[in-house]
Amino acid sequence: MSKGWRQTLENASIPILAIIAGLVVSTIFVLIARVDPIQTYANLFCEGFGPTGCSSFGNLLVMQVEDEESGAVQTVFSPLYGAKGHKLALVLERATPLILTALSAAVAFQAGMFSIGMDGQFVLGAVAAVFLGFWIPDQIYLAAGVADPETAPQALSTIMHLIMPVICLGAAMIVGAFYSGIAGYLKVKLNVNELISTIILNALAVQLVGYLINFPLRADMNSLARTRAIDDTAWLVPFNRGIFQDIEWFSGARVGVGLIIAIAAAIGVWFFLWRSTAGYEQRMTRGSRLFARFGGIPSERAALRAMLISGALSGLAGGIQILGVERRIVDGFALSGIGFDGVLVAILAKESVFGIILVAAFFAGLDNGSVNLQFGNIPRQLGGIIIAFIILFNAMENFFRSNITRIRTRLRPPAPTVEAQPGATT
Amino acid sequence: MTDFLNIRGHRIQTGLMITGIIIAVALLVTLPIQLLQSSIRLATPFILGSMAALIASRAGVLNLAIEGKMLLGAFIAVVVAYLAGGDPAVGVIAATLAGGGLGLIFAVLYLRIRVNLIVLALAVNLFVANATVFFLRTLFGAYGTFADPSLRILPQIHLPIIQSIPFLGPLLSGYNIIVYLSWITVAAVWVLLFRTQFGRHIRAVGENKEAAETVGINVTQVQIFALTLSGMLAGLAGSFLSMGVLSQFVENMTAGRGWIAITVSLFAFERPVAAFFTALFFGLSEAASIHLQTTTELPPDLLLAMPQLATLAALVLVALRVRAAELLKRRNFASQFGQELANLR
């Protein structure tokens with residue numbers, strides 16, 4: 001095994017062990033709720049990652065299915081068995097914004113900025129996308145003299161289908177970057193602790209969005225305040241309504257172009273961080289701001305740039321969540337916590353881009369699964385408890401590492417001494 | 001500007017203090033008494049929380065888990081009081097102990113197991129936020145809110161002599177025990193930090209860990225003590241939220257107050273008395289937003305943003321203050337050093 005691979009394996013082993021340890025410790029809470037832990041976890045993973053009809057751990061891999069017409073029983077490979085929809089498609093739907101917010105956190109962390117403002121940037125990006133998503137088409141229809149969007153000329157609607165998502169997502173990114181830039185500017189120029197300032201900015205964003213939804217942007221007198229839905233031309237059509245509408249695996253999940261954008265963003269972030277000068281500068285800045293500056297690196301600019309990119313990614317996540325999934329903002333959207341989950345994903349994945357995609361998918365499944373546990377008398381907060389323990393165990397890395405090295409050195413046979421008699425032991 | 005500050009520093013300080021007192025008196029006279037009373041009440045969790053943040057920072061640990069410890073205190077207070085037949089005092093004591101316990105666990109994880117401080121704090125906050133709701137449902141079957149008719153609130157205590165003073169009486173008297181405790185805590189923390197040997201050790205550890213270690217101070221022990229005490233105060237602050245006014249536990253009822261408490265302590269430069277007045281200001285801004293909500297037509301979300309905006313402004317002011325202080329120090333050092341250099345020549 002080459003050295004690089006061994007390194008990767010070693011890096012991956014700690015999060016995996018942390019996940020196992022987190023699940024094991026959380027069984028205490030399942031037992032307190034007086035429920036069978038094994039069945040609970042089976043349900044959790046089935047609801048999170050399994051096909052429809054899954055009921056045990058084994059079903060995650062293979063499942064016996066009865067054909068409805070002939071009654072014949074056959075064994076299928078579960079991850080690809082998509083009748084009535086597969087939970088993995090829901091994982092992809094949920095993971096899309098998580099990947100983006102986690103990338104956002106990773107970019108900020110990699111510049112030494114411990115920003116956790118992803119929640120605020122996410123909701124503000126979402127508001128920008130939803131507002132432009134119905135406002136611009138209104139203006140265009142008005143200018144073109146189209147009374148009913150259904151009767152719009154083909155050419156106009158084609159052009160709008162092409163540009164509207166770009167405008168909305170672009171605006172969401174700008175808004176996110178601006179909001180993150182406030183914290184970045186305060187940190188760089190005035191040395192205001194970015195952790196605390198982003199927490200406050202998050203709270204402010206949540207209140208601002210609550211106000212906007214309840215007052216200026218409120219669409220109707222629905223008991224739950226909500227905005228208008230975005231125009232169809234701004235909609236990022238999910239796979240199950242578009243190109244893959246015949247594949248049952250995707251049915252029920254609103255995963256779409258957003259996922260492709262998220263993966264592309266991941267590749268872009270990887271390239272930026274590890275293959276570009278700017279990325280090198282900001283990683284140097286993380287190591288030591290003064291050292292970087294003495295090395296001729298404009299560390300303040302690098303840190304600020306990282307914050308702007310981070311904000312743009314979070315804003316993009318919010319925009320995609322609106323254009324691809326929600327299509328309107330309903331009261332309570334701001335409290336979804338997707339931004340904060342992104343921070344946790346980035347921490348657990350140690351800011352590695354590939355790790356972020358995997359961990360985001362894992363968290364998404366855990367989240368979806370624990371929501372559905374609620375029918376089985378287990379509060380969905382079990383998911384949060386498991387995640388807290390996983391984060392904690394993952395952070396104990398140094399402790400485990402040093403102990404493992406100690407045990408290893410103790411177990412290693414002592415070097416042969418002069419007194420040792422060769423041949424005596426054989 | 002720095003020269004100006006340098007020469008007239010003392011006079012400016014006095015001037016600012018007098019301005020502050022004038023503003024405070026003006027507020028006292030013009031604002032309705034109910035508003036002032038509710039702001040003192042609302043300031044209590046900030047006072048206790050900022051003391052918790054301050055002790056930890058003085059010992060060199062940025063305690064970002066105050067939010068979680070407060071929430072745990074709020075939860076334990078209600079649960080234990082309920083199990084003890086509705087006696088609020090038992091709940092308050094239990095909350096303080098539970099906060100201390102969590103602080104101790106936090107300290108051990110940070111100091112012995114070397115978990116990253118910020119990640120640890122995030123994990124603790126996440127755990128408490130989820131575990132409280134989890135237990136609420138599994139143990140009591142309550143969704144979001146837990147209240148029981150058997151739960152009593154802490155009685156109001158009327159101070160015997162002060163009560164009869166014409167204007168200050170209603171302002172200083174008629175609160176529950178935790179409010180008075182919070183005032184006593186401020187004095188106690190001040191005495192502990194600045195008038196005892198142990199407090200000197202705490203400050204030494206916070207100033208320079210290595211130096212403190214070389215003169216024989218047990219750094220780990222000091223930090224564990226500080227974090228435990230900090231947890232106890234945060235737990236007490238949380239118990240005020242749940243038992244002080246309404247005697248119920250609501251999901252995520254701290255709602256960011258722990259973070260505001262940290263800002264209060266930062267704003268006050270980790271000084272107890274200054275933190276007390278800053279906390280009063282935050283209590284006032286929260287009370288004002290509630291007051292305006294009932295008396296005006298302004299949208300509630302924007303009014304609730306008032307304390308947050310105040311916090312953000314406070315952060316910027318803190319930063320400017322630190323910057324000015326640094327500049328001043330540098331100027332002083334330069335002028336002094338220059339003089340010595342001239343003397344040498």
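Residues numbered from 1 in each chain as written. Chains lettered and ligands numbered in written order. Predicted model: local features only at pLDDT ≥ 70, side-chain atom pairs only at ≥ 80, totals over all residues. Heavy atoms only, no water.

Undergrad: Just to check I follow, could you spell out the overall build of chain A for this structure?
TA: Helix and strand counts for chain A stand at 14 helices and 2 strands. Dimensions of chain A, computed from C-alpha atoms along their principal axes, come out at roughly 100 × 75 × 40 Å. Residues counted as buried form 51% of the 426 residues belonging to chain A. Sequence separation of at least 24 residues holds for 70% of the intrachain contacts in chain A that already meet a minimum separation of 6. Within chain A, one finds 29 positive and 27 negative side-chain charges whose respective centroids are separated by 14 Å. (Helix = DSSP H or I, 4+ residues; strand = E, 2+ residues; numbered from the N terminus. Buried < 20%, exposed > 50% of the residue type's maximum accessible area, 1.4 Å probe, protein only. Contact = heavy atoms within 4.5 Å. Lys, Arg positive; Asp, Glu negative; His and termini not counted. Charge placed at Lys NZ, Arg CZ, Asp CG, Glu CD.)

Undergrad: When you look at the pairing of strand β2 (residues 73-77) of chain A in this model, what are you seeing that I'm missing?
TA: Remark: a regular strand shows side chains that alternate across the two faces of the sheet. Residues and elements named next belong to chain A. With 5 bridges joining them, strand β1 (residues 62-66) and β2 adopt antiparallel strand pairing. The partner of E66 across the bridge, within β2, is V73. Count of turn residues in the β1/β2 antiparallel hairpin: 6 residues, of which G71 carries a positive phi of about 80 degrees. (Pairing = 2+ DSSP bridges.)

Undergrad: Help me understand the confidence of the model for chain B in this model?
TA: Caution is warranted with low-pLDDT regions, since their predicted coordinates should not be read in detail. For chain B, mean pLDDT is 84; residues scoring 70 or higher make up 96% of the total. Overall fold confidence for the complex sits at a pTM of 0.86, while the interface term, ipTM, reaches 0.84. (pLDDT = per-residue confidence, 0-100.)

Undergrad: Help me out: how do you make sense of the interface of chain B and chain A in this one?
TA: When the parts come together, some accessible area is lost, and that loss is often what is quoted as the size of the interface. If you look at the interface, chain B gives 43 residues, while chain A gives 43 residues. Where chain B abuts chain A, roughly 3,800 Å² becomes buried across the two surfaces, and 82% of that area is made up of carbon and sulfur atoms. On inspection of chain B and its partner chain A, the count reaches 0 salt bridges. The interface formed by chain B and chain A includes 1 residue pair in polar contact (both at pLDDT 80 or more). Looking at which element gives the most residues to the side of chain B that touches chain A, the answer is helix α5 (residues 117-140) of chain B, with 15 residues. Across the side of chain B that touches chain A, the residue classes break down as 31 nonpolar, 6 polar and 6 charged. (Buried area = accessible area lost by both parts, 1.4 Å probe. Salt bridge = Lys/Arg side-chain N within 4 Å of Asp/Glu carboxyl O. Polar contact = N/O pair within 3.5 Å; in protein donor to acceptor, adjacent residues only side chain to side chain. Nonpolar A, V, L, I, M, F, W, Y, C, P; charged D, E, K, R; others polar.)

Undergrad: Please explain the nonpolar core as it appears in this structure.
TA: Looking at soluble globular proteins, one finds that nonpolar side chains tend to be buried together. L103(A), I322(A), L323(A) and F363(A) are the most contacted members of the largest nonpolar core, which totals 212 residues. If one sorts the elements of this core by residue count, α5(B) sits on top with 13 residues. Not counting residues within four places of it along the chain, the set of residues in contact with L103(A) comprises A262(A), A265(A), A266(A), V269(A), L313(A), V353(A) and I356(A). Counting 7 residues, the second largest nonpolar core, distinct from the first, contains F239(A), W249(A), F250(A) and A253(A). (Core = buried A, V, L, I, M, F, W, Y, C linked by side-chain atoms within 4.5 Å.)

Undergrad: What should I look at first to understand helix α4 (residues 118-144) of chain A in this one?
TA: Within an α-helix, residues lying three or four positions from one another point in the same direction, as the helix has 3.6 residues per turn. Residue and element names in this part refer to chain A. Over its 27 residues, α4 runs 38 Å from end to end, which matches the ideal 39 Å to within 8%, given 1.5 Å per residue. With 19 of 27 residues buried, α4 is to be regarded as a mostly interior element. A positive backbone phi angle near 70 degrees is found at G145, which sits one or two residues after α4. (Expected span 1.5 Å × (residues − 1).)

Undergrad: Explain a nonpolar patch on the surface to me, please; I cannot follow it from the model alone.
TA: On the surface, I162(B), I165(B), F167(B), L168(B) and L172(B) cluster together into a nonpolar patch covering about 370 Å² of accessible area. A relative accessible area of 37% places L168(B) in the partly exposed class. (Patch = residues over 30% accessible without salt bridge, like charges linked within 9 Å, V, L, I, M, F, W, Y side chains within 5 Å. Areas by Shrake-Rupley, 256 points an atom, 1.4 Å probe, with all protein chains shown as cover.)

Undergrad: It is not clear to me how the environment of S299(A) should be interpreted in this structure. Could you clarify?
TA: Residues and elements named next belong to chain A. Topologically, S299 is positioned in helix α10 (residues 299-326). Overall, S299 belongs to the buried group, its relative accessible area being 0%. Excluding residues within four positions of it along the chain, S299 makes contact with T285, R289, A292 and R293.

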